[in-house]
Amino acid sequence: MATKYDPQSYRVYLRNSISSKTKHILVEGRDDKYLIDKLCKDFLTENNQSQNFEVLVDSAESLIQVQGDELQLLSNNREKVEFIANSVYGQPYADGFVGFIDRELHKFKWDCDVDSELQDLVESHEIIKRLVRSRGHSIENYIFDLSILYEVLESLSTTVYANQAIELFKESFQHTLRIACSIGLAATKAQVLSKISSTIEYKLLEITSTREITFNLDNWIEELLKRQISASQAQDIRLHYATYNDQVSRASISLVRWICHGHIGYDFLRALYERCVFDSCPIVQDKTKEVSGISWVAKEKLLSCFINSWIKKSLQEQYEYPIAIFELLKITS
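Note that the structure is predicted; figures quoted are calculated from it, not measured.

Rules used throughout
- Note that residues are indexed from 1 along each chain, following the sequence as it is written.
- With pLDDT at 70 or above as the cut-off, local features in this predicted model cover only qualifying residues; side-chain atom pairs require 80 or more to be listed or tallied, and sums for whole chains, interfaces and linings still use all residues.
- Heavy atoms throughout the structure, all of them, feed into the side-chain values; hydrogens and water do not.
- Salt bridges are defined by distance alone: a side-chain nitrogen of Lys or Arg within 4 Å of a carboxyl oxygen of Asp or Glu.
- Working definition: helices are DSSP H or I runs of at least four residues, strands are E runs of at least two. Numbering for both runs from the N terminus.
- Note on classification: 1.4 Å probe, protein chains only; a residue is buried when its accessible area is under 20% of the maximum for its type, exposed when over 50%, partly exposed between these limits.
- The arc under discussion is defined with respect to the helix axis, by the directions toward the C-beta atoms.
- In what follows, residue pairs with any heavy atoms lying within 4.5 Å of each other are defined as contacts.
- The angle between axes fitted to the seven residues ending at a residue and the seven residues starting there is what we call the bend at that residue.
- Strand pairing is assigned whenever DSSP identifies at least 2 bridges connecting the two strands.
- Helix axes are fitted only over the stretch in contact, all axes being lines through C-alpha atoms; the angle between N-to-C directions runs from 0 to 180 degrees.

Peer 1: I'd like a description of the pattern of salt bridges, backed by residues and values.
Peer 2: Applying the stated criterion across every chain, the model contains 24 salt bridges. Of the charged contacts, one joins Arg211 and Glu171 as a salt bridge, the two residues approaching to 2.8 Å between their closest N and O atoms. On the criterion of sequence distance, the pair formed by Arg211 in the loop between β8 (205–207) and β9 (213–215) and Glu171 in helix α7 (residues 162–189) is long-range, its members being 40 residues apart. Each of Arg78, Glu82, Glu104, Lys107, Glu126 and Arg133 takes part in a single network of salt bridges with overlapping partners.

See the structure below:
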């Protein structure tokens, strides 16, 4: 079991651990740790630095415990990472430390009560002293690229209708990502994000004869009402969704990719592929069985496969990735 540190003792741990060949990255949670740890190992190997440096990736979720007055100030893992990064800045060992956090909606113009158009005010990874923010909302946004998704779905699918399903997925990808973006923004604006986890399934999506994607908002809201959202919150979701649909339809697909809520976008794209498999199977009684050809893959395992594909393509083909982490740690090719 990992040692628990409060912020002060964690800084002592960093001071004693960081050296010319040992660096530390502090991230928010488990998925972030997997991604950054894998990225570091592959980056060091790709740049022939694997024997020269050791990069330890720590998770605020599992390492940093907060008590007393700090508990009110540091209520989530992102705030813990920000706090540590700010307190480390200026210390003699600071060059061996970087914090990495989800951007969420930081420096996006997205509030429909204020902004008539969606806008990204940064359009890159933001660096604040010893802290790096993700390029988009969260780590899932890095995989919202058709070539990454295509490669993994092709390798994991066991259904005999995989080729037809993947072609259908390609045609429907952008439209579905726009729906996911609108839903995520509407849920954020209505303050119901905590109530919509794991509510997106393929039965809510329909692919029309003209290859358009429709989302059954009414059925989805019925499910949310069972999760005890209020009638007024349901009405807010409807109104905000209509507004954001309009804004998202006018935004570039690049902006949509980065501003889309990461978890919701991932859930929608997984559901889309299941819908594509379902629709590609011509035998009615076999449709559900064929969908199980991808749905059997655990959500976390599938995400790991997507992440591995993204890292490989990023290091080989220069897809966007947080290279600023390595620059701050003075690890270069």
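This is not the end of the story, as more comes after the structure.
Peer 1: So what's going on with helix α8 (residues 217–226)? Which residues, and what values?
Peer 2: Turning to α8, its buried residues number three or more, namely Leu217, Trp220, Ile221 and Leu224. Across the axial projection of α8, the buried residues extend over an arc of 95°, all falling on one side. Lining the buried residues of α8 we find α7, β9 and α9 (231–250). Gln228 sits one or two residues past α8 and shows a positive phi near 70°.

Peer 1: Kindly report on unusual backbone geometry, identifying the contributing residues and their values.
Peer 2: The phi dihedral of Glu104 falls on the positive side, at around 55°, and the residue is not glycine. If you trace the backbone, Glu104 turns up in the loop between β3 (97–101) and β4 (108–109). Residues other than glycine seldom take positive phi values, yet Lys107 does so here, at roughly 60°.

Peer 1: How would you sum up α7? Please name residues and give values.
Peer 2: The largest bend along α7 reaches roughly 50° and is located at Ser172. Most of α7 is tucked away, with 20 of its 28 residues classed as buried. Looking one or two residues beyond α7, the residue adopting positive phi is Gln191, at roughly 60°.

Peer 1: Provide a residue-level description of the sheet that holds strand β6 (residues 127–128), including the pertinent values.
Peer 2: Spatially, β2-β1-β3-β7-β6 is the arrangement adopted by the five strands of the open sheet, whose pairing is mixed. Edge strands, defined here as strands with exactly one partner in the open sheet, are β2 (54–59) and β6. Here β3 runs beside strand β7 (residues 131–133); their pairing, made up of three bridges, is parallel. Counted as the bridge partner of Gly99 is Leu131 from β7. Helix-sheet contacts for helix α1 (residues 7–17) involve β1 (22–27), β2 and β3, and the interaxial angle to β1 is about 155°. Lying over the sheet, helix α5 (residues 77–88) contacts β1, β3 and β7, oriented at roughly 155° with respect to β3.

So yeah, pure geometry; function would need other evidence.
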